[in-house]
Amino acid sequence: MRVLVVGGGAREHALGWKLLADDPSLDLISAPGNPGLAELGRCEAIAATDIAGLAALARREEVAFTIVGPEGPLDAGIVDHFRSNGLAVFGPSKAAARIETSKRFAKELMLAANVPTAGARTFTSVAAATAEAERLGAPVVIKASGLAAGKGVIVATSIAEAREAIESMLEGNVFGEAGHEVLVEEFMSGEEISVFALTDGTHVLPMIAAQDHKRIGEGDTGPNTGGMGAYAPVSIATGGIAAQTMDRVFLPTLAALRAAGSTFTGLLYAGLMLTREGQKVVEFNCRFGDPETEALLPLMATGLLEPMRAIANGDSIAGAPPIEWRAGAAVTTVVAAEGYPGSVRTGEEISLPPDEGGVMVFHAGTKRNVEGALVTAGGRVFAITALGDSLAAAQKLSASHASRVQFDGRQYRRDIGWRDLARQSDRA
Ligand code: AMP
Ligand code: GLY
């Protein structure tokens, strides 16, 4: 079977790795891919946003189905284009992807379907938005409605800060079109978890929860990033929380999407906050999360290929066996370039340690230079996943492997999973 993976980050590398682990005879093509994916199959130099080029590739190569990694092409309608050309594809339509790409759409859908989430209202005028922030009082959350590369959320600790955020989005154009509509949202507090669900639009195969680490610094300090690491399982995400997430979040959200004529197929990602009043949705994403995917897939004891193929083909997953998980834990440590999450220098030569049992090195921002040497090509360079009998063992192995990845200015956190490790030592 031949499969096309669209994208070129560590998430896509982990997806390709898992599908090949499920079926070693799989013929994997990625576009544009990366040097890690190139070790698993062929990479085609077609951008993830070149929808017509990707569809032509899928047709020419007679791929069984295509998997779309990033949200950009989903928002641009890749799934609609593939389907209307008779090509099987894993991912939501442009309309269903609004659950991520329009925070206004997502919020209105959740509130109408009684999915637990923070109250929020949408504004296009600075005066009205500011009045709402004043009514709610600080802290208050200001969000650009559209896709803003993960940067469109300001948790304002004062009304002055809220006003500044509102003005910069509505008048200052900091996020372009994405910020021309803003949400003014109630502040929630609690720990955040990420829960993924494979879905055919009606039925759901949930995964165990993972926890992302968005801040650059150890102990969750410093600026936000695209994610500096992740681990799974998360001990506070109990079976009770999983059951409630199914009943109160996934099923009603999918039903509301069907009712809106925007049936969602693919991977629905719920970012949940565990508040004192129970779990609430912070956001949905319409695709696999990064770096949670790199931690979760190596822990899967059952296959991903079959449910993904069924969903891509438009088949029901009603009878699919539940996903099973290995014992122990996985920790993913992101190795980033100097200066990240600000601007980074690329082209630094990389030296990788020898392969190590229980460690998967997923490429994110790497490339081969003209001489064929592996060099850095982005802010996040690798995602290093280690499996261990315990979270502590997985963290130690992941961090020690990361410490032996060498290039100038390399940075990584040694504490991925620290919240759960602190809980475990509290219980001991
Ligand atoms: P989002 O892009 O919606 O995931 O938001 C980015 C981050 O902002 C989240 O991961 C939270 O840490 C924070 N955040 C978003 N909404 C809220 C809220 N209503 N209350 C507190 N923090 C929030
Ligand atoms: N891990 C956060 C995201 O994928 O958006």
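Heads up: the structure comes first, above all this text.
Each value, and the rule that gives it
Residues numbered from 1 in each chain as written. Chains lettered and ligands numbered in written order. Predicted model: local features only at pLDDT ≥ 70, side-chain atom pairs only at ≥ 80, totals over all residues. Heavy atoms only, no water. Helix = DSSP H or I, 4+ residues; strand = E, 2+ residues; numbered from the N terminus. Buried < 20%, exposed > 50% of the residue type's maximum accessible area, 1.4 Å probe, protein only. Contact = heavy atoms within 4.5 Å. Patch = residues over 30% accessible without salt bridge, like charges linked within 9 Å, V, L, I, M, F, W, Y side chains within 5 Å. Areas by Shrake-Rupley, 256 points an atom, 1.4 Å probe, with all protein chains shown as cover. Salt bridge = Lys/Arg side-chain N within 4 Å of Asp/Glu carboxyl O. Near = heavy atom within 4 Å. Polar contact = N/O pair within 3.5 Å; in protein donor to acceptor, adjacent residues only side chain to side chain. Nonpolar A, V, L, I, M, F, W, Y, C, P; charged D, E, K, R; others polar. Axes fitted to C-alpha atoms, helices over the stretch in contact; angles between N-to-C directions. Parallel < 35°, antiparallel > 145°, perpendicular 65-115°, else oblique. Left-handed = near helix turned anticlockwise from the far one by under 90°. Phe/Tyr/Trp six-rings, centres within 6.5 Å; stacked < 30°, edge-to-face > 60°. Lys NZ or Arg CZ within 6 Å of the ring centre and 35° of its normal. Pairing = 2+ DSSP bridges.

Caption draft 1: Focus on the overall build of the chain. In terms of helices and strands, the chain carries 14 helices and 22 strands. For the chain, the C-alpha atoms occupy an extent of roughly 60 × 50 × 45 Å along the three principal directions. Counting every position in the chain, which comprises 428 residues, the buried fraction comes to 55%. Pairs at least 24 apart in sequence give 70% of the contacts found in the chain among residues at least 6 apart.

Caption draft 2: The arrangement of a nonpolar patch on the surface in detail. Side chains of Val153, Val155 and Phe187 sit close together on the surface and give an oily, nonpolar patch of about 240 Å² of accessible area. Residue placement: valine 155 occurs in strand E8 (residues 153-156).

Caption draft 3: Expanded view of the site of ligand 2. Surveying the vicinity of ligand 2 reveals the residues Asp212, Tyr269, Asn285, Arg287, Gly289, Asp290 and Glu292. Contacts to ligand 2 include glutamate 292, whose side-chain N or O atom sits 2.7 Å from a nitrogen atom. Taken by itself ligand 2 offers 190 Å² of open surface, and the protein chains cover 88% of this. When the residues that make up the shell around ligand 2 are grouped by side-chain class, the tally is one nonpolar, two polar and four charged.

Caption draft 4: Layout of the packing of helix H8 (residues 126-136) against helix H9 (residues 159-170). Where H8 contacts H9, the axes come no closer than 10 Å and their chain directions differ by 155 degrees. Judged on the interaxial angle alone, H9 and H8 are roughly antiparallel. The handedness of the crossing between H8 and H9 comes out as right-handed. Taken together, the residues of H9 that come into contact with H8 (itself represented by Val126, Ala129, Thr130, Ala133 and Glu134) are Ile159, Ala162, Arg163, Ile166, Glu167 and Leu170. In terms of residue class, the contact of H8 with H9 is built from seven nonpolar, one polar and three charged.

Caption draft 5: Broad picture of the site of ligand 1. Lining the immediate surroundings of ligand 1 are 15 residues, of which Glu185, Glu186, Met188, Glu192 and Glu283 lie closest. Contact between ligand 1 and glutamate 185: a nitrogen atom at 2.8 Å from a side-chain N or O atom of the residue. The side chain of glutamate 192 places a nitrogen or oxygen atom 2.4 Å from an oxygen atom of ligand 1. Burial of ligand 1 by the surrounding chains reaches 87%, relative to a free accessible area of 480 Å². Mapped by element, the contributors of at least two residues to the shell around ligand 1 are strand E7 (140-144), E8, strand E9 (182-186) and strand E17 (278-285). Looking at side-chain class alone, the shell around ligand 1 contains eight nonpolar, no polar and seven charged residues.

Caption draft 6: The arrangement of the packing of aromatic side chains in detail. Going through the model one piece at a time under the given rule, you end up with four aromatic pairs. Between the aromatic rings of phenylalanine 196 and phenylalanine 288, the centroid separation amounts to 6.1 Å while the plane-to-plane angle is 85 degrees, which identifies the pairing as edge-to-face. A residue pair is termed long-range when its members are at least 10 positions apart, and phenylalanine 196 in strand E10 (residues 191-199) and phenylalanine 288 in the loop between E17 and helix H11 (292-296) qualify at 92 residues. Per residue, the accessibility class of phenylalanine 196 equals that of phenylalanine 288, and both read buried. An aromatic cluster is defined as three or more aromatic residues linked by ring pairs; in this entry it consists of Phe90, Phe196, Tyr269 and Phe288. Over the ring of phenylalanine 105 we find arginine 98; its NZ or CZ atom is 3.9 Å from the centre of that ring. One Lys or Arg, arginine 414, reaches over the ring of tyrosine 412 and ends 5.1 Å from the middle of that ring.

Caption draft 7: Representation of the environment of glutamate 349 within the structure. Turning to its location among the elements, glutamate 349 is positioned in the loop between strand E18 (329-336) and strand E19 (359-363). Owing to a relative accessible area of 54%, glutamate 349 belongs among the exposed residues under this scheme. Taking the C-alpha atoms as reference points, glutamate 349 and asparagine 173, 176 residues apart in sequence, are found 37 Å from one another. Beyond its immediate stretch of four places on either side in the chain, glutamate 349 contacts Ala373, Leu374, Val375, Gln406 and Phe407.

Caption draft 8: Expanded view of helix H3 (residues 51-60). Among the residues of H3, Ile51, Gly53, Leu54, Ala55, Leu57 and Ala58 are the ones counted as buried. Buried residues along H3 sit in contact with strand E1 (2-7), strand E2 (27-32), strand E4 (65-68), helix H4 (71-75) and helix H5 (78-84). Two residues or fewer after H3 comes glutamate 62, characterised by a positive phi angle close to 50 degrees.

Caption draft 9: Region of interest: the sheet that holds strand E16 (residues 266-275). As summarised here, the arrangement of the four strands in space is E11-E10-E16-E17, forming an open sheet in which the pairing is antiparallel. A strand with exactly one partner marks an edge of an open sheet, and here the two such strands are strand E11 (204-206) and E17. Strand-to-strand twist in this sheet, taken as the mean axis angle between neighbours without regard to direction, amounts to 35 degrees. Across nine bridges, the pairing between E10 and E16 is antiparallel. Counted as the bridge partner of leucine 198 is leucine 267 from E16.

Caption draft 10: Highlighting the sheet that holds E7. With respect to topology, four strands assemble into an open sheet ordered E6-E9-E7-E8, the strand pairing being antiparallel. Each having just a single partner strand, strand E6 (120-123) and E8 make up the two edges of the open sheet. Across this sheet, the average inter-strand angle for adjacent strands is 20 degrees, counted without regard to direction. As paired elements, E7 and E9 share five bridges and run antiparallel to each other. The residue bridging valine 140 from the neighbouring strand is glutamate 186, located in E9. Along the sheet, H8 makes contact with E6, E7 and E9, crossing E9 at roughly 5 degrees.

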